[in-house]
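One letter stands for each residue in the lines below.
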Amino acid sequence: MACPFASNNGVGESSSSLMEHGGQNYTSYLQLDKLLDAQHLESEADGHKVHDEHLFIIIHQAYELWFKQIIYEIDSVREMFSAEEVDERKMLEITKRIHRVTLILKLCVDQFHILETMTPLDFMEFRDYLSPASGFQSFQFRLLENKLGVKSEHRVRFNQEHYMKVFGDHKENLLRIQESEREPSLQELLSKWLERTPGLDSKGFKFWKVYKMAVDSSLASQRQESEEEKNETKRKLLLDAVKKRQDLFNSIFDINIHNALVARGERRLSHQALQGALMISFYREEPRFNQPFQLLNLLMDVDSLMTKWRYNHVMLVQRMIGSQQIGTGGSSGYQYLRSTLSDRYKVFIDLFNLSTFLIPRYSIPTLTRQMKHRLSVHDTQGHTGRAATSKGRTEEEDENFGSCDTEDLVKQTIDLGLLSSAQSDSSNASVTEASCPKLGGGTKSS
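Chains are numbered independently. Their residues run from 1 in the order of the written sequence. Whole-chain, interface and lining totals are the exception, using all residues; otherwise, since this is a predicted model, local features are given only for residues with pLDDT of at least 70 and side-chain atom pairs are given and counted only at 80 or more. Side-chain metrics rest on all non-hydrogen atoms present in the structure, leaving aside hydrogens and water.

Q: Help me understand the overall build of the protein, please; the structure alone is not making it clear to me.
A: Counting from the N terminus, the helices are the DSSP runs of H or I reaching at least four residues and the strands are the DSSP runs of E reaching at least two. Regarding its fold elements, the protein presents 21 helices and zero strands. Note on contacts: a residue pair is in contact if any heavy atoms of the two residues lie within 4.5 Å. If you take every contact in the protein between residues at least 6 apart in sequence, the share linking residues at least 24 apart comes to 76%. To measure how exposed things are, a 1.4 Å probe is used in the Shrake-Rupley method; for residues, cover is taken only from the protein chains shown. With the model as given, the accessible surface of the protein reaches about 24600 Å², and the carbon-plus-sulfur share is 52%.

What follows is the structure, given as structure tokens:
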């Protein structure tokens, strides 16, 4: 009997037979003839071949190939998120593809280290051959930015002109960029998806109301402790700190303030989407929120890695041509690139800022039994689909299962020491009848 692992087991003959009948080999499948013949050194054509120009070309071609793959992955995720109701069974695939994007971006960030083996003097030998070519003319990078969610109004102007102007001579590329601005970006689709987070409904758990109650109680406790401070200077500082924290929370509880921040470009998510993101962050351990929480973290990784890529680019340019020299494309070079490191280019900045509005674990409202059940069952119809009710109850009965009145909810805050009994009247007035989660998810550590 012939060994199945032997090198001469007929596979070679079979492969040869397939190629004889139109099958492809490695070279033809990857079109290596085209790929490996795409490095043409301008210095060599001019009769003064510069060795490092070959590296420069290879690095940038590799970047463009990786950009193409990232766009391919982002487009597939956008397509899945474009459904009116996202099938939660697809969340694993969505998370996997965004994770793949982060790994590619890490590779792109590290690729600068290879380019840094070229010295400024080496670069100077062939730099003049590049003009007026510039990395700013990478239409795929602009596509990637647009598909992620970078807004035209947030961009730094290139030579005081609109960023699309440099693509005027390439009509096909220009049309693709214009189309990418009209299409819903990943950030916009994410916002719509977060708006459908279970628990934000007008019935049932009412996360936003119980969360605001927990915040108000916590701030009231901090204010009371500050007022009891005997040292006047320290008391004033403590009260000022509480006031600043109160103003921060007001910026998310007051929809008008939030919308004004969105209009100024300081926030990206809609008011309800921000609520959804916060709820996922607090209840990440619930089965239905596991993968959404991972996705939110991966999207922050994408933003961070894009910023790192830009930073490495800035530092490479400064190393090669300094801070004052004009770029090959006519821009201010280092100065222009440095301006792209600001938060205006961070698409998912709201996810980073969620940590500003976290509260201690012991203050996190406990889920009602119905909400706990709802988050333990995956909904194959998307966030807006309805989870199965438990123990044969009707949906309306299930929504109210485990509910209690406002007085009981306020009593819990007093028991936790988060709200004085004197303040309970005002809290009673501010809370409507809702499902009554416990305000403390645990016990406060001493």
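Q: Help me understand the confidence of the model for the protein, please; the structure alone is not making it clear to me.
A: Caution applies to low-pLDDT regions: their predicted coordinates should not be interpreted in detail. Looking at the protein as a whole, its pLDDT mean stands at 83, while 77% of the residues score no less than 70. The quantity called pLDDT is the predictor's confidence in a given residue, expressed from 0 to 100. When the criterion is pLDDT under 50, residues 382-446 qualifies, and its contacts beyond four places in sequence or with other chains add up to 124 contacts.

Q: Would you mind going over the packing of helix 14 (residues 271-282) against helix 15 (residues 287-321) with me for this structure?
A: When two helices pack together, their arrangement is given by the angle between the helix axes and the distance between those axes. Contact geometry of helix 14 with helix 15 gives a least axis separation of 9 Å together with a crossing angle of 115°. If you check the angle between helix 14 and helix 15, you find them roughly perpendicular. Like other packed secondary-structure pairs, helix 14 and helix 15 cross with a definite hand, here left-handed. Of the residues in helix 15, those in contact with A277, M279, I280 and S281 of helix 14 are F289, P292, F293 and L296. Following the grouping adopted for this structure description, the nonpolar residues are Ala, Val, Leu, Ile, Met, Phe, Trp, Tyr, Cys and Pro, the charged ones are Asp, Glu, Lys and Arg, and the polar ones are all others, Gly among them. A class-by-class count of the residues in the contact of helix 14 with helix 15 yields seven nonpolar, one polar and no charged. Axis definition: a line fit to C-alpha positions, over the contact stretch in the case of helices; interaxial angles, taken between N-to-C directions, run 0 to 180 degrees. The cut-offs work like this: below 35 degrees is roughly parallel, past 145 is roughly antiparallel, 65 to 115 is roughly perpendicular, and the gaps in between are oblique. For any pair of crossing helices, the crossing counts as left-handed if the nearer helix is rotated counterclockwise from the farther one by less than a right angle, and right-handed if it is rotated clockwise.

Q: Would you explain the side chain of R288 in this entry?
A: Relative to the helices and strands, R288 is located in helix 15. A distance of 2.9 Å separates a polar atom in the side chain of R288 from a polar atom in the side chain of E88. We define a polar contact as two N or O atoms separated by no more than 3.5 Å, with the added condition that, inside protein, one atom must be a possible hydrogen donor and the other a possible acceptor, whereas residues neighbouring each other in sequence contribute only through side-chain atom pairs. A distance of 3.1 Å separates a polar side-chain atom of R288 from the backbone oxygen of R374.

Q: Hey, could you run me through the pattern of salt bridges in this one?
A: Opposite charge on two side chains makes pairing possible when the charged atoms of those side chains draw close. Within this document, salt bridges are pairs made up of a side-chain nitrogen of Lys or Arg and a carboxyl oxygen of Asp or Glu, the two lying within 4 Å of each other. For the coordinates displayed, the defined rule picks out 20 salt bridges. With a closest N to O distance of 2.9 Å, E73 and R100 form a salt bridge. Of the two residues, E73 is situated in helix 5 (residues 51-81) and R100 in helix 6 (residues 91-115); the sequence distance between them amounts to 27 residues. Of the charged contacts in the structure, one is a salt bridge between R142 and E145, with a shortest N-O distance of 2.9 Å. On the criterion of helical spacing, the pair formed by R142 and E145 is a turn pair, its members being three residues apart in helix 8 (residues 139-148). Here R142 falls in the buried class, since its relative accessible area comes to 7%. Its relative accessible area of 1% is what places E145 among the buried residues. Ionic contacts of the salt-bridge type, sharing partners, join the residues D75, R78, K147 and E183 into one network. Residue exposure (1.4 Å probe, protein chains only): buried if accessible area is under 20% of the type maximum, exposed if over 50%, otherwise partly exposed.

Q: I'm lost on the nonpolar core in this one. Help?
A: Proteins that are soluble and globular tend to have nonpolar side chains buried together. Buried residues of nine kinds, namely Ala, Val, Leu, Ile, Met, Phe, Trp, Tyr and Cys, make up a nonpolar core once their side-chain atoms join them within 4.5 Å. Grouped together as the largest cluster of nonpolar side chains are 94 residues, with contacts concentrated most on F207, Y211 and L351. A total of 15 residues in this core trace back to one element, the largest contributor, which is helix 15. Dropping the residues within four chain positions of it, L351 is found in contact with L190, L269, A277, L296, L299 and M300.

Q: Please clarify how helix 9 (residues 171-182) should be interpreted in this entry.
A: A turn of α-helix holds 3.6 residues, and therefore any two residues three or four places apart point the same way. The span you would expect from a helix comes to 1.5 Å times its residue count less one. Compared with the 16 Å implied by 1.5 Å per residue over twelve residues, the 17 Å span of helix 9 between its first and last C-alpha is a close match. When helix 9 is considered as a whole, its buried residues turn out to be N173, L174, I177 and S180. In a view along the axis of helix 9, the buried residues occupy a sector of 120°, so they form one face of it. Away from the buried face of helix 9 by more than 90 degrees, exposed residues K171, E172, L175 and R182 are located. The directions from the helix axis to the C-beta atoms form the arc being described.

Q: When you look at the packing of aromatic side chains in this model, what are you seeing that I'm missing?
A: Any pair of aromatic rings gets described here by the distance separating the centres and the angle formed by the planes. Aromatic pairs are defined between Phe, Tyr and Trp rings, using the six-membered ring for Trp, whenever the two ring centres lie within 6.5 Å; interplanar angles under 30 degrees are classed as stacked, those over 60 as edge-to-face, and all others as tilted. In this structure the tally under the stated criterion is 22 aromatic pairs. An angle of 70° between the planes, with centres 5.8 Å apart, marks the rings of F249 and F357 as edge-to-face. In this pair, F249 sits in helix 12 (residues 232-253) while F357 sits in the loop between helix 17 (349-352) and helix 18 (369-374), placing the two residues 108 residues apart along the sequence. A relative accessible area of 2% means that F249 is categorised as buried. Judged by relative accessible area, F357 falls into the buried class, the value being 6%. Three or more aromatic residues link up through ring pairs in this structure, and these residues are F205, F207, W208, Y211, F249, F253, F282, Y283 and F357. We count a charge as sitting over a ring when the NZ of a lysine or the CZ of an arginine lies within 6 Å of the ring centre and within 35 degrees of the ring normal. Between K212 and the ring centre of F253, over which it is positioned, the NZ or CZ distance is 5.5 Å. The lysine or arginine in question, K346, covers the ring of F352, its NZ or CZ lying 5.6 Å from the ring centre.

Q: What is the right way to read a nonpolar patch on the surface from this model?
A: Within this analysis, patches are made of residues with over 30% relative accessible area and no salt bridge. Like charges are joined at 9 Å or less; nonpolar side chains (Val, Leu, Ile, Met, Phe, Trp, Tyr) at 5 Å or less. A surface patch of nonpolar side chains, about 390 Å² in accessible area, is lined by Y26, Y29 and L30. Note that Y26 resides in helix 2 (residues 26-29). Given the relative accessible area of 60%, Y26 is considered exposed.

Q: Please clarify how the packing of helix 11 (residues 207-227) against helix 14 should be interpreted in this entry.
A: At a minimum axis distance of 11 Å, the contact between helix 11 and helix 14 shows a crossing angle of 70°. As judged from the angle between their axes, helix 11 and helix 14 are roughly perpendicular. Contacts between helix 11 and helix 14 pair F207, W208 and Y211 from the former with H271, Q275, L278, M279 and F282 from the latter.

Q: Explain helix 15 to me, please; I cannot follow it from the model alone.
A: Relative to the 51 Å expected for 35 residues at 1.5 Å per residue, helix 15 spans 52 Å between its end C-alpha atoms, a close match to the ideal helical length. With its phi angle positive at about 85°, G322 sits one or two positions after the end of helix 15.

Q: Just to check I follow, could you spell out the environment of N256 for this structure?
A: Its location among the elements puts N256 in helix 13 (residues 255-263). Residue class for N256 comes out exposed when judged on its relative accessible area of 59%. The spacing of N256 and H271 is 15 residues in sequence and 9.5 Å in space, taken between C-alpha atoms.

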